[in-house]
Amino acid sequence: MHAVFVDASDTLAELMERLAAPDDPPVMIHRDPDVTPEQLPEVLAGAEIALIDHTYLPTEIARQCAGLKHVVFLGTGARSYMNVEELAELGIEVHLIRGYGDTAVAEATIALMWAAARNLAVMDREMRQGQWLREDGMQLTGKTLGLIGFGGIGAEVARIAHGSGMDVIAWNRSARQVPGVRFVDLDTLLQDSHIVSMHLLLSDDTRGFLSKDRIAAMRPGAILVNTARGALVDEAAMIDALRSGHLRHAALDVFDIEPLPIGHPLTTLANVTLSAHSAFRTPEASENLIAAARAHCRRIAANG
């Protein structure tokens, strides 16, 4: 049994090589982060395991990948890149890697929240154009941070936010009890939160979760932070709320279309802070990710 890492960047390829253990199944590293879906059948060349970082795997392409039985997706958002249920019908099991970047994403979430609250991106842009623009910021000490979804990343965000003197409330699909975090119904969270941060996995049930009506129910002047998945939020409704001032600011690392197209409405709004789906990108998170991918391959090979 062997595996192919189909879309390795130089950084991830080097980690994959360095973290190899003597008993690991062979992993061929295809150093082309821009590989296309149409090239995957040839790149995999009969491999039983595909390691995929960010390349789409349409079901019709998977049908052409003879011998493929397992996909190890390097992250949790596989549904943004492939139809997990359709692959299962083909006998292909999709494995996710959870928790590897919880701290990295949480720190990026906090950074985006602070940047939005203090208008840092706005002032940076203006100063580069010779304008000395002073903006009043939102002081976050004593403010309420509402977390929609409370897994490992949400827990890390809560830990850091507590150190900033924030009141942390959360809504989660399953009941939780966590010291220092008050779990509330969704209506209460939307009404009471000065900052709302998204931490749900994307699924058919959560797509468009923060709908037009739910955005309208948010506290006027709130900040929205999204480091989870762009499709969790009704993008058009969010843009309307930003334009009207109902939302003070949106700080976004993820989008419906990635890369974000030139001239996209979000790039034209002053009260939006953007980052390029990079919340998880730290050396520490990358090492955790590849170590976990290697462990998945060992487990798959051991189970035959």
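Keep in mind it's a predicted model, so treat the numbers as computed, not measured.

A.B. asks: What should I look at first to understand the packing of aromatic side chains in this one?
C.D. replies: Two aromatic rings, taken as a pair, are described by how far apart their centres are and by the angle between their planes. Following the criterion strictly, the structure yields 4 aromatic pairs and no others. With a centroid separation of 5.1 Å and 40° between ring planes, the pair formed by Tyr-56 and Tyr-81 is classed as tilted. Of this pair, Tyr-56 sits in the loop between strand S3 (49-52) and helix H3 (59-62) while Tyr-81 sits in the loop between strand S4 (70-73) and helix H4 (84-89), and the two are 25 residues apart along the sequence. Residue Tyr-56 is classed as partly exposed on the basis of its relative accessible area, which comes to 45%. The exposure class of Tyr-81 is buried, given its relative accessible area of 15%. Aromatic side chains Phe-150 and Phe-183 sit 5.3 Å apart centroid to centroid with 75° between the ring planes, which places their arrangement in the edge-to-face category. Residue Phe-150 is found in the loop between strand S6 (144-148) and helix H7 (152-163), and its partner Phe-183 is found in strand S8 (residues 181-183); the two are separated by 33 residues along the sequence. Residue classification places Phe-150 among the buried residues on the basis of a relative accessible area of 2%. Given a relative accessible area of 25%, Phe-183 falls into the partly exposed group.

A.B. asks: Before we go on, may I ask you to explain the packing of helix H1 (residues 10-18) against helix H11 (residues 283-302) in this structure?
C.D. replies: Angle between the axes and distance between the axes are the two parameters that describe a pair of packed helices. Two numbers describe how H1 lies on H11: the axes approach to 9 Å, and their chain directions differ by 50°. With respect to each other, H1 and H11 are oriented oblique. Relative to H11, the crossing made by H1 is right-handed. Contact with H1, carried on its side by Leu-12, Leu-15, Met-16, Glu-17 and Arg-18, involves Ser-286, Glu-287, Ile-290, Ala-293 and Arg-294 of H11 and no other residues of that element.

A.B. asks: Honestly, H7 in this entry has me stumped. Any pointers?
C.D. replies: Since the α-helix advances by 3.6 residues per turn, residues separated by three or four positions end up pointing in the same direction. Under the 1.5 Å per step criterion, the end-to-end length of H7 is 17 Å for 12 residues, consistent within 8% with the ideal 16 Å. Regarding H7, the residues found buried are Gly-154, Glu-156, Val-157, Ala-158 and Ala-161. Buried positions along H7 lie against helix H5 (102-117), S6, strand S7 (167-171) and S8. Gly-165 occupies a position one or two residues after H7 and carries a positive phi of about 75°.

A.B. asks: Even after reading the chapter, I still don't get the packing of H5 against H7, so can you show me in this structure?
C.D. replies: The N-to-C vectors of H5 and H7 enclose an angle of 50°; their axes lie 8 Å apart at closest approach. Relative to H7, the element H5 lies oblique. Once H5 is placed against H7, the crossing between them reads as right-handed. Two secondary-structure elements touch here, H5 through Asp-102, Thr-103, Val-105, Ala-106, Glu-107, Thr-109 and Ile-110 and H7 through Gly-152, Ile-153, Glu-156, Val-157, Ile-160 and Ala-161. Residue composition of the contact of H5 with H7, grouped by class: 7 nonpolar, 3 polar and 3 charged.

A.B. asks: Is there a simple way to explain the sheet that holds S4 in this structure?
C.D. replies: Two pairing modes exist for strands in a sheet, parallel and antiparallel, and in both the strands are linked by backbone hydrogen bonds. Strand order in the open sheet formed by 5 strands is S2-S1-S3-S4-S5, and the pairing between neighbours is parallel. Whereas interior strands pair on both sides, the edge strands pair on one side only; in this sheet they are strand S2 (27-29) and strand S5 (93-95). Along the sheet, successive strands turn relative to each other by an average axial angle of 20°, direction set aside. Of the strands in this sheet, strand S1 (3-5), S2 and S3 touch H1, which is tilted by about 155° from S2.

A.B. asks: Would you take a moment to explain the pairing of S3 for this structure?
C.D. replies: As a general feature of sheets, a regular strand has side chains that alternate between the two faces. Taking every second residue as pointing to the same face, both faces of S3 are buried, with Ile-49 and Leu-51 on one and Ala-50 and Ile-52 on the other. The pairing of S1 with S3 spans 3 bridges and is parallel. Each bridged residue has a counterpart across the sheet, and for Val-4 the counterpart in S3 is Ala-50.

A.B. asks: Looking at this structure, how should I read the environment of Glu-258?
C.D. replies: Assignment of secondary structure puts Glu-258 in the loop between strand S11 (247-252) and strand S12 (272-274). For Glu-258, a relative accessible area of 32% puts it in the partly exposed group. As for Glu-258 and Gly-230, which are separated by 28 residues in sequence, their C-alpha atoms are 9.2 Å apart. Once residues lying within four places of it in the same chain are set aside, the contact partners of Glu-258 are Asp-253 and His-277.

A.B. asks: What is the right way to look at the environment of Tyr-100 in this model?
C.D. replies: Secondary-structure assignment places Tyr-100 in the loop between S5 and H5. Considered as a pair, Tyr-100 and Ile-215 are 115 residues apart in the sequence and their alpha carbons are 30 Å apart. Sequence-distant contacts of Tyr-100, defined by excluding residues within four places in its chain, comprise Leu-74, Gly-75, Phe-280, Ala-285, Asn-288 and Leu-289.

A.B. asks: Honestly, helix H6 (residues 120-128) in this entry has me stumped. Any pointers?
C.D. replies: Listed as buried for H6 are Ala-121, Val-122 and Met-123. Elements that come into contact with the buried residues of H6 comprise S12. Gly-130 sits one or two residues past H6 and shows a positive phi near 85°.

Rules used throughout
Residues numbered from 1 in each chain as written. Predicted model: local features only at pLDDT ≥ 70, side-chain atom pairs only at ≥ 80, totals over all residues. Heavy atoms only, no water. Phe/Tyr/Trp six-rings, centres within 6.5 Å; stacked < 30°, edge-to-face > 60°. Helix = DSSP H or I, 4+ residues; strand = E, 2+ residues; numbered from the N terminus. Buried < 20%, exposed > 50% of the residue type's maximum accessible area, 1.4 Å probe, protein only. Axes fitted to C-alpha atoms, helices over the stretch in contact; angles between N-to-C directions. Parallel < 35°, antiparallel > 145°, perpendicular 65-115°, else oblique. Left-handed = near helix turned anticlockwise from the far one by under 90°. Contact = heavy atoms within 4.5 Å. Expected span 1.5 Å × (residues − 1). Nonpolar A, V, L, I, M, F, W, Y, C, P; charged D, E, K, R; others polar. Pairing = 2+ DSSP bridges.

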